[in-house]
Structure formats: C-alpha cells, structure tokens
Amino acid sequence: VVETQKRGQNHFHDYTMTLFGYLFIVALSFAYFSKALTGTYMKSSITQIERRFDLSSTHIGLIDGSFEMGNLLFLAVVSHFGAKLHRPRLIAAGCFLMAVGAFLTGLTHFFMGRYKYDTVIQVFQNDNLSIAACVDPLKTLDHVPEIQIEPSLEDNKDSGSSMWIYVFLGNALRGIGETPVTPLGISYIDDFAKAENSPFYIACLQTITLLGPMFGFLLGSYCARLYVDIGYVDMESVTITPKDSRWVGAWWMGFLVSSGLLLISSIPFWFLPRSMPKQESEENHETPVCEILNKTEDAQSNNQNFKLTEIAKGFLPSLRRLLGTPAYFLLLCGNILKFNAFIGLLTFKAKYMEQQFGQSASRANFLIGVLNLPAVAIGIFLGGLLMKRYKLSVVSGAQLSFATSFMSYLLMLLQFGTKCDNIPIAGLTVSTKGVLYSREMLFSECNRDCFCSAEEWDPVCSDSGITYISPCMAGCLSSSGHGKNTVFHNCTCVSTSFPAGSSTSVRLGQCPHAKDCSRSFTSYMAISVLSSFINALGATPGYMVIIRCITPELKSLALGIQTLVTRTLGGIPAPVYFGALIDSTCLKWSMKSCGGRGACRIYNSDMYRIIFLGLITCISGSSYFFLIAVIILLRRQFRKPEKDTDKQEQKASKDFELKTPLNLTEEIRDNVTVNANSIFHPFFAGCNYYIQCWVLNVTK
C-alpha cells in the first residue's frame, strides 16, 4: 500500500512539474511576443518620431540605441546572478519595467502641443480666397502679411523638440527590463528539457516570438495611417497625406497598447517555481520523481544560503573560462558583425522603402509585417525541425547556419539592381531644363522677384512630373479650391519651361515616381522575402551551436555575454553610424525657427541605395571569415574524441583475441562501458553489446 501511494505521488508530481514546464514555455512565449512587438513597433515608428521631434537620422539612431544602453548596464550581472536566484520572478520584474518604459514613451505625446507643419494654405479655408504664393511687386504690401505666415508656424516645434529626451529614457528603461528575459528564459528551458527536445522548444519559442514583430509592424502600419493629433483636430483642415514627408502618424498609440501587453505578460511568472527537475529519458523513466524533487529542493536551499559575495567571486573565473573557449570567442566576433548589419537593416529598412520606392510609412511597415516576417518565422521553425528530425551535431549545425547565411548574402547583392531614379525636383535634382542643380540654385529668373524662402518645404507637382519645393518657388500667382484640393495657377516657372499652351497649374503634394518604379519595387520585395527565409533556416542551428560549444554551467553566462557584447558593439553604434551616413545623402533639410537643422525632407535616392546596401553587404561579408574559422575549429574539436574511441576499440579487440575465455566476461563489460560512453548513437552501442555477448556465448 505504501509503495502504491508513493507511485501515485510520483505520478502526480511528474504531471505537475510537466504542467509547470509547459506553462513556463507558454508564458515565456507571450512575454517574448510582447517585448518583440514593442521593439519592432519602435522600429516602425522611427520615421514618425523623427518628423514629430524634427530630428536627423543620427539623433533617431541614438534614441533607438538607448534600448541597448539599458541592456548594457545590467545584462552581465543579471545573467550571472540570475542563474542562482529565482529566475521566473526576475523575468516578471523585467516585463513590468518594460511596460513602464513603453508607457513613458507614449505619454510624451500628451506633454507636447499640437503638431504644425509648413504650408502656405493652412489658415485659409474659404473657397473664394485666392492665394498668391508668388508676391507680385506691383501689388500693395498689404497682401504680404497674408502670404508670409509660415515662419510663425515653426515656433511650436522648438518648444516640444526637447521632449525626445523622454522617449530616450523610456526606451532605455525598456532595455533594462528586457535584460533578464532572454538569457534566464532560455537557460531555464534548457535546464529542465531533454537534450533532444531543447532545440525544438527553443525553435517553437522563437517562431511564436516572430509573431510579435509581425503584429508590431502591422500595428505600426495602422498607427502611421492615423494623424498624430487624431481626435483633436478637424481632418478636413489637414492638407498633407501619409505619403508626404511632413506627415506624422499616431506614433504614441502603439506604445500604450504594447505597455498593456507587457504588463499582462508579467503576471504568470510570479507563480512559477524557482526551478524544475530535468525531464527523464525513457531508459531512466523509472527513477522515482520524489528523489529528483528532493535533490532539487536541496539544491535550492543550498543556493539560498549563498551570499552575494560568494557568487561574485565566481564571476571573473567563469568569464575567463567562457572567453577562453576559442569556438565561442570566434562565434561571438562573427555575431557582432552580423548583428551590426541586422540592426542597421531593421532600423532603416522601412525608411529605405519610403525614400527609394516612394512608399508611405504605413505601406512599408505593412509589407514588412505580412511578407518578410512570416517568411522568417517559417524559416526558423523549419531550421529547428531539421535539427530535431536529423539530430544534427554541433558541427553540422554550424555548417547549416553558414550555408544558409551565405546564400542569403548572395541574394542580397541582387538588390543593388532594384532601384528607382530620383524624383525630378526643380533646383535640387534637376533644373527646369533637366540639368543637375545644387541647393544654392533654387532661384531662377521666374521666381527671383517672389520673395520666396529657400528653407520652406511645401511641395507642389506640375503636370510635367517636376516637383517644386513650394508654390512660391513655382512662381504661382493665384489658386482655387481649399485644403487638400487646392490648385495653384499661373505659375511662371512652369510656363517658362514648356511650350505655349501647356498647363501652368500645379497641385499640392510631391510628384510620384515613374511607372517602372513599381516593377523594381516588386523585384526588391521578392528578393527580400526569399533572402529572409533562407537566412532564417540557419538561425536555430546557429543558436544551438552557442549553447553546445561550452560547458553546461556556463550556458546562462554565455547567452548573456553574447547579448551584452552584440548589443554593445552592434545595437548601440549601428543605428548611429547608419543614420549619419544616411544623413549625408539628404538634399533638403527642414529648418527650425531658431535656425537649427531639423528633419530631412528628401534624399538622393541613388546615394541612399549605394550607401545603405553597400554598408550592409560589407559588414555581413566580413563576418563569414570568423564563421569559417569556427567550423574548422569545431571539426577538429569533435574529430578528436572519435579518433580516441577508435583506438580504444582496436586495442580492446586485440586484447579480446589474446586473453583466455575465463577473462572474457570482465573484458566485455569494460569494452561495452567504453562504447556506451562514446559519442556514437546509443543504437550502435547497443548493437555492439549484443554482438559481443553472442561471441562470448559461442566461445563458451
């Protein structure tokens, strides 16, 4: 009866701990989903924040890098100390901090005034009022104050531009909160899962995690379509569209939504146990669970008795052992370079699609969310499935990761051929005669007497496809309609550029790209999706190489150091220097009322493409030298045990032939022990055992 009760208790504990294990995986998946959604929403809102706070790409890269700065402060300490403390509760605290950071970022919007942009017609709502953008010197000066009202509209911008500091702090706080989630969550799973199940669990976790970026970009697409002050202004008075470089979407809304998700994700971790027993293999399934639980409780009580000073003493030796592993160190160097390219691409990919192909921020985020990210999710899942199905070794996993990454790199080179020409802009990219012009040559004979400002940006499009930076620069003398439907007439710069009888009217907004640009954009998206899928196939094998190439007790520290170093040397500087190089391709900057430089309005598309794609391919290509060295090193490291095992087997077989039958039983047991502990599959060890037993019986 007592034995039956013990067995029942064992089965109950076994079921309970299994349930806790799956609950932890589900809770961690939702936490990963929430933090990934928030992070990618931040990436998708880069353009909106840049325009709202009137910042350059360099400054916006600094704001984006503040997340990694927060990680840098605590990641190494949390990864080391967290493995010896209550990991689920540390994860819960991290999720709560991320929720606070996201809420602070979105709350910044309510501390600022209404968004105002440059336009000559913002205050005019009367259909009967004609706007003379180009002031005729023959007219009285009484009309001038009505027309030159634009500089005063910039006054509100500078009063709120310093508020970007709160966005910086909120993003940094979110980075601090994310610190315990990744290293402690992965190590917790790998501690209780079977060796053959751990890659599959991690692959499922990463696949569910990729739903977060997908929904993050979709949320960013939706919010980018909504005007920033929606609900507070009459949308009929807004004269710009989402494709306009002055448009700012409701960027703050997504941060409030993601803050709520992060807060919910923190709740389950407060109720999970500190640690769980290792899942037993089938051959060890009969081991009493109570014994395992007792060992686990003893380990927990011992860990609780540890003092922080004793834990700290082991940090530097552990770090020295970790960095002294050649395979891990080389893999870390390669991952730093790959992470630089990945962060630069992810941060400015949507902006590249806007500037190169004329897509709106909403459409760019939508396409990334529904095309690129599902391909990445499928690729990561299939990569984990391949490792589980074929039981790939560390060397095979490294080879698969390298092959898929290199194929993706070759496909990325094809993106240099998918391009769109610069939009013809009078005085910036072309003159009215089709000749390249500099910024100083914005004025010509047709608008020299219009008293125009070279700093304003209120583009209008002529029927010929040429964009003018403002109605004044086009020399327009009258207008009809109001709001978005305003049309300017009698534009002298348009009439002097084309034969008599041509239309001299212009309409609000920038001219679209040529028709063949849509075909180039389709080719670009096809290459991008295929490249993302192939590269994702090697993500899980590459991740498992990091875990398996070092000793088990250093897993948490290895993952933490990898995240720390890659984000320090990749996540922080990459957005800044990518942004600085992108700024160098700007053709027209907005100007603040204080005289400072604001956000860029239009870029040189050709230079943008060459610098952006060239930088990504150069950084990614240099990382493959380290990956090749890792594969060579792993081959030598894991070929050595095979040679030692072969020598032991040959020696055992020779001794087996020379010895007498009386010593056969003892010798075979020793030989079976050697083979059972070898690196070969247990199936071969079992076959070896039965063959030698059969030989023993025949000899007897």
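Residues numbered from 1 in each chain as written. Predicted model: local features only at pLDDT ≥ 70, side-chain atom pairs only at ≥ 80, totals over all residues. Heavy atoms only, no water.

### A closer look at the overall build of the protein chain
Defined as follows: Only DSSP runs of H or I covering at least 4 residues are called helices, and only runs of E covering at least 2 are called strands; the numbering of each starts at the N terminus. Burial classes follow relative accessibility: with a 1.4 Å probe on protein chains only, a residue under 20% of its type's maximum area counts as buried, one over 50% as exposed, and anything between as partly exposed. Contact between two residues is taken to exist if any of their heavy atoms lie within 4.5 Å; hydrogens are not considered. For the accessible areas, the method is Shrake-Rupley and the probe is 1.4 Å, while residue cover comes only from the protein chains on display.
Scanning the protein chain for helices and strands turns up 25 helices and 7 strands. For the protein chain, the proportion of its 700 residues judged to be buried stands at 53%. Contacts spanning at least 24 positions in sequence make up 80% of the contacts within the protein chain whose residues lie at least 6 apart. Accessible surface computed for the protein chain: about 32,300 Å², of which carbon and sulfur atoms make up 63%.

### Observations concerning the pattern of salt bridges
Which entries qualify depends on this criterion: Basic side-chain nitrogens of Lys or Arg form a salt bridge, by our definition, when they fall within 4 Å of a carboxyl oxygen of Asp or Glu.
For the structure shown, the criterion picks out 8 salt bridges. A salt bridge links Glu178 to Lys35, with the shortest nitrogen-to-oxygen separation between them at 3.1 Å. Of this pair, Glu178 sits in helix H7 (residues 164–178) while Lys35 sits in helix H1 (residues 2–44), and the two are 143 residues apart along the sequence. By the burial criterion, Glu178 is buried, and Lys35 matches it. The partner of Glu354 in a salt bridge is Arg51, with the nearest N and O atoms 3.4 Å apart.

### So, the packing of helix H16 (residues 361–390) against helix H19 (residues 516–537)
Our working rule: Axes, fitted as lines to C-alpha atoms, cover a helix only where it is in contact. Angles between the N-to-C directions of the axes lie from 0 to 180 degrees. If an angle is under 35 degrees, it is roughly parallel; if it is over 145, roughly antiparallel; if it lies from 65 to 115, roughly perpendicular; otherwise it is oblique. Helix crossings are classified by the rotation of the near helix relative to the far one: an anticlockwise turn of less than a right angle makes the crossing left-handed, while a clockwise turn makes it right-handed. For this scheme, ten residues count as nonpolar: Ala, Val, Leu, Ile, Met, Phe, Trp, Tyr, Cys and Pro. Four count as charged, namely Asp, Glu, Lys and Arg, and the remainder, Gly too, count as polar.
Put simply, H16 and H19 touch, their axes get as near as 7 Å, and they point 30 degrees apart. Put simply, H16 runs roughly parallel to H19. Judged by the sense of rotation from one axis to the other, the crossing of H16 with H19 is right-handed. Along its contact with H16, which presents Arg363, Leu367, Leu371, Asn372, Ala375, Val376, Ile378, Gly379, Ile380, Leu382 and Gly383, the element H19 presents Phe521, Met525, Ser528, Val529, Ser532, Phe533, Ala536 and Leu537. Looking at side-chain class alone, the contact of H16 with H19 contains 13 nonpolar, 5 polar and 1 charged residues.

### Digging into the packing of aromatic side chains
Which entries qualify depends on this criterion: Planes of paired rings set the category: under 30 degrees apart is stacked, over 60 is edge-to-face and the rest tilted, where pairs are Phe, Tyr or Trp rings (Trp by its six-membered ring) whose centres lie within 6.5 Å. Charge-over-ring contacts are defined here by two conditions on Lys NZ or Arg CZ: a distance within 6 Å of the ring centre and an angle within 35 degrees of the ring normal.
Considering all chains together, one arrives at 26 aromatic pairs under this definition. Judged by centre distance (6.2 Å) and plane angle (75 degrees), the rings of Phe578 and Phe612 are edge-to-face. Highlighted residues: Phe578 in helix H22 (residues 573–583) and Phe612 in helix H23 (residues 605–658), separated in sequence by 34 residues. Note on accessibility: Phe578 and Phe612 belong to one class, buried. These aromatic residues form a ring-pair network of at least three members: Tyr352, Phe357, Phe521, Tyr524, Tyr577, Phe578, Tyr603, Tyr608 and Phe612. When the ring centre of Tyr390 is taken as reference, the NZ or CZ atom of Arg389 above it lies at 5.2 Å. In this structure, Arg597 packs its charged tip against the face of Trp589, placed 3.7 Å from the ring centre.

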